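Single-letter residue listing:
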Amino acid sequence: MNKIYNTLKSADKVTLLMILVLGFVSLLMLESTIYDDGFVFSWKDGRAVIIQAIAYLLGFCCIVVVLAVNYNFFYGLEKLLYALSLLFLLTVYIPGLGIEQYGARSWIDLKVTTLQPSEFVKITFVLIMAGYLSQHRDELRNFRGVFKAVLYAAPMIAIVLKEDLGSALVYIVIWIFMVFFAGIDYKVFFQCAGLTAAMIPIAYRFLSDYQKDRIEAFLHPDNLSLPGNYQVWQSKVAIGSGGFRGTGLFQGTQKSLDFIPVQQSDFIFSVVGEELGFLGGFGLILLYGLLTWRFTRILRDSEDLYGALIVVGFIGMFLFQIFENIAMTMGLMPVTGITLPFLSGGGTSVIASMISVGLILNVGVNSKTIKF
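The model shown is predicted, which means the values in this text are computed figures rather than measured ones. (Residues numbered from 1 in each chain as written. Predicted model: local features only at pLDDT ≥ 70, side-chain atom pairs only at ≥ 80, totals over all residues. Heavy atoms only, no water.)

With respect to the overall build of the protein chain
Argument step 1. A count of helices and strands for the protein chain gives 14 helices and 3 strands.
Argument step 2. In terms of overall size, the protein chain behaves like a compact globule, its C-alpha atoms giving a radius of gyration of 21 Å where 372 residues would be expected to give roughly 21 Å.
Argument step 3. Projected onto its principal axes, the C-alpha positions of the protein chain cover 60 × 55 × 45 Å.
Argument step 4. Classification of the 372 residues of the protein chain by burial places 48% in the buried group.
Argument step 5. Contacts in the protein chain between residues at least 24 apart in sequence constitute 72% of all its contacts with a sequence separation of at least 6.
Argument step 6. Working note: accessible area of the protein chain is about 18100 Å², and carbon and sulfur atoms make up 68% of it.
Argument step 7. Within the protein chain, the 26 negative side-chain charges are centred at a point lying 10 Å from the centre of the 26 positive side-chain charges. (Helix = DSSP H or I, 4+ residues; strand = E, 2+ residues; numbered from the N terminus. Rg over C-alpha atoms; globule rule 2.2 N^0.38 Å. Buried < 20%, exposed > 50% of the residue type's maximum accessible area, 1.4 Å probe, protein only. Contact = heavy atoms within 4.5 Å. Areas by Shrake-Rupley, 256 points an atom, 1.4 Å probe, with all protein chains shown as cover. Lys, Arg positive; Asp, Glu negative; His and termini not counted. Charge placed at Lys NZ, Arg CZ, Asp CG, Glu CD.)

Written out as structure tokens, the structure reads:
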């Protein structure tokens, strides 16, 4: 117990405080989506709020557990983590276990709740790439070495891409952030980027129909008959109606009339925009900015490349998810089903995000800046 207490005491308290604030805002906005002239606490109508509260409690327990194990424990376990990650991703294809939601077969049914393997594999993906890149850093200065890094990550990304375009984009962004930090030669990177761009038309042919529909809808936002465009239009109406100060907490009409789609998860920012207005939306973005700043402070003090790469990977993950989700609600990015970290309803997303924060804090606790 003393070890756990001392570890928590050494963790960045500002980060933990901001996670608590985000958790409170999340529960408040989720409650707002079911508010009906009074607070709703029943399992039947308030299930999302109850699950979110439980997820946050479990998430903080996960942070404690993760902090108890030095992050260097995972160094050298890349092959094992790689194999387990691939197997975990493939569980969605097991009959009776894997289920389809929102057009994607990327969930497994645990009867009590559902779970999205790709959310947790993001964590192992960061650890795997951190281990690989810290051991092959010098190879990133030539095309062959970068191509090997691409091939190393490709199997996991390909499996996720088959069913979940949004999560696959997160994996790609994580990879880009990490290889840049590891010291990739810029000329080589742009050569690879050009080759990748040339292969997009070929890759497009292998996307699922619902994935192609979402891309088509994004390219033609004024066509409300295309899947997703009507929902995005309603989201923009909700955010726009909030104005500068918002309609007031629990007072959103677009929300209460169920015009905002998937308002408890993917489009939770639309509820924030309508009820809390520009001030509330900007305040939330500012809070995310402060959280990212705390992460970069830990990155700055990291004493080894492996730990620094872990932090960079998670920074890239969070930044892209925040940008993509908020931009999606405004029609600036395609609808991909990416949740807003710490705010969107969903136990899998919350717990995976909390574990990620735990690993970042772990690097901070177990790294000591060497001063000369």
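Here we look at the pattern of salt bridges
Argument step 1. Here the structure, examined in full by the defined rule, presents 4 salt bridges.
Argument step 2. Between Glu 139 and Lys 148 there is a salt bridge whose closest N-O contact spans 3.2 Å.
Argument step 3. Note on Lys 148: relative accessible area 36%, which makes it partly exposed.
Argument step 4. Of the charged contacts, one joins Asp 301 and Arg 300 as a salt bridge, the two residues approaching to 3.2 Å between their closest N and O atoms.
Argument step 5. Asp 301 gets classed as partly exposed once you look at its relative accessible area, which sits at 26%.
Argument step 6. Residue class for Arg 300 comes out exposed when judged on its relative accessible area of 56%. (Salt bridge = Lys/Arg side-chain N within 4 Å of Asp/Glu carboxyl O.)

Here we look at helix H12 (residues 268-300)
Argument step 1. For H12, with 33 residues, the first-to-last C-alpha span of 32 Å runs short of the 48 Å given by 1.5 Å per residue.
Argument step 2. Residue Leu 276 marks the point of greatest curvature in H12, where the axis turns by about 130°. (Expected span 1.5 Å × (residues − 1). Bend = angle between axes of the 7 residues up to and from the residue.)

Thoughts on the packing of aromatic side chains
Argument step 1. Counting across every chain of the model gives 15 aromatic pairs.
Argument step 2. Taking 5.4 Å as the distance between ring centres and 80° as the angle between the ring planes, the aromatic pair formed by Phe 73 and Phe 74 counts as edge-to-face.
Argument step 3. The exposure class of Phe 73 is exposed, given its relative accessible area of 53%.
Argument step 4. Pairwise contacts between aromatic rings join Phe 180, Tyr 186, Phe 189 and Phe 190 into one cluster. (Phe/Tyr/Trp six-rings, centres within 6.5 Å; stacked < 30°, edge-to-face > 60°.)

Some thoughts on unusual backbone geometry
Argument step 1. The phi dihedral of Phe 342 is positive, around 70°, even though this residue is not glycine.
Argument step 2. Inspection of the secondary structure assignment puts Phe 342 in the loop between helix H13 (305-329) and helix H14 (347-366).

Quick word on the nonpolar core
Argument step 1. Membership of the largest hydrophobic core comes to 97 residues, with the highest contact counts inside it found for Phe 125, Leu 133, Ile 310, Phe 314, Leu 340 and Phe 342.
Argument step 2. A total of 14 residues in this core trace back to one element, the largest contributor, which is H13.
Argument step 3. Residue contacts for Ile 310: discarding those within four places in its chain leaves Tyr 71, Val 126, Leu 127, Ala 130, Leu 359 and Val 363. (Core = buried A, V, L, I, M, F, W, Y, C linked by side-chain atoms within 4.5 Å.)

Re empty space enclosed by the protein
Argument step 1. On inspection of all chains with the given rule, the structure shows 3 cavities of 30 Å³ or more.
Argument step 2. Its boundaries defined by the atoms lining it, the largest cavity holds a volume of some 90 Å³.
Argument step 3. Along its surface, the largest cavity is lined by Leu 89, Val 92, Tyr 93, Arg 105, Ser 106, Pro 117, Ser 118, Ile 159, Val 160, Glu 163 and Asp 164.
Argument step 4. The set of elements that each furnish at least two residues to the lining of the largest cavity consists of strand E2 (104-109), helix H5 (117-135) and helix H6 (143-163).
Argument step 5. Among the elements that take part in the lining of the largest cavity, H6 stands out by supplying 3 residues, more than any other. (1 Å grid on protein atoms, 1.4 Å probe; cavity = no way out; pocket = protein on both sides within 12 Å on 5 of 7 lines; lining within 4 Å. Points joined across faces, edges and corners; volume = space filled by probe spheres on them.)

Comments concerning helix H8 (residues 186-205)
Argument step 1. Here H8 is 20 residues long and its end C-alpha atoms lie 29 Å apart, about the 28 Å a rise of 1.5 Å per residue gives.
Argument step 2. Along H8, the sharpest kink reaches roughly 45°, centred on Met 199 and followed within four residues by the proline Pro 201.
Argument step 3. Listed as buried for H8 are Val 188, Phe 189 and Cys 192.
Argument step 4. Tucked inside the fold, the buried residues of H8 contact H6 and helix H7 (165-182).
Argument step 5. Sitting at the amino-terminal end of H8 is Asp 185, which places a side-chain oxygen 3.0 Å from the backbone nitrogen of Lys 187. (Polar contact = N/O pair within 3.5 Å; in protein donor to acceptor, adjacent residues only side chain to side chain.)

Comments concerning a nonpolar patch on the surface
Argument step 1. A cluster of nonpolar side chains, contributed by Phe 244, Phe 278, Leu 279, Phe 282, Leu 286, Leu 290 and Trp 293, occupies part of the molecular surface with about 740 Å² of accessible area.
Argument step 2. Considering the arrangement of structural elements, one finds Trp 293 in helix H12. (Patch = residues over 30% accessible without salt bridge, like charges linked within 9 Å, V, L, I, M, F, W, Y side chains within 5 Å.)

Focus on the packing of H12 against H13
If you want to describe how two helices pack, look at the angle between their axes and the distance between the axes.
Argument step 1. Here H12 crosses H13 at 165°, and the two axes come no closer than 11 Å. By the angle between their axes, H12 is roughly antiparallel relative to H13. Both H12 and H13 take part in a crossing whose hand is left-handed. Side by side, H12 and H13 meet where Phe 269, Ser 270, Ile 285, Tyr 288, Thr 292, Phe 295, Thr 296, Ile 298 and Leu 299 of the first sit next to Ala 308, Val 311, Val 312, Ile 315, Phe 318, Leu 319, Ile 322, Asn 325, Ile 326 and Thr 329 of the second.
Argument step 2. Across the contact of H12 with H13, the residue classes break down as 14 nonpolar, 5 polar and no charged. (Axes fitted to C-alpha atoms, helices over the stretch in contact; angles between N-to-C directions. Parallel < 35°, antiparallel > 145°, perpendicular 65-115°, else oblique. Left-handed = near helix turned anticlockwise from the far one by under 90°. Nonpolar A, V, L, I, M, F, W, Y, C, P; charged D, E, K, R; others polar.)

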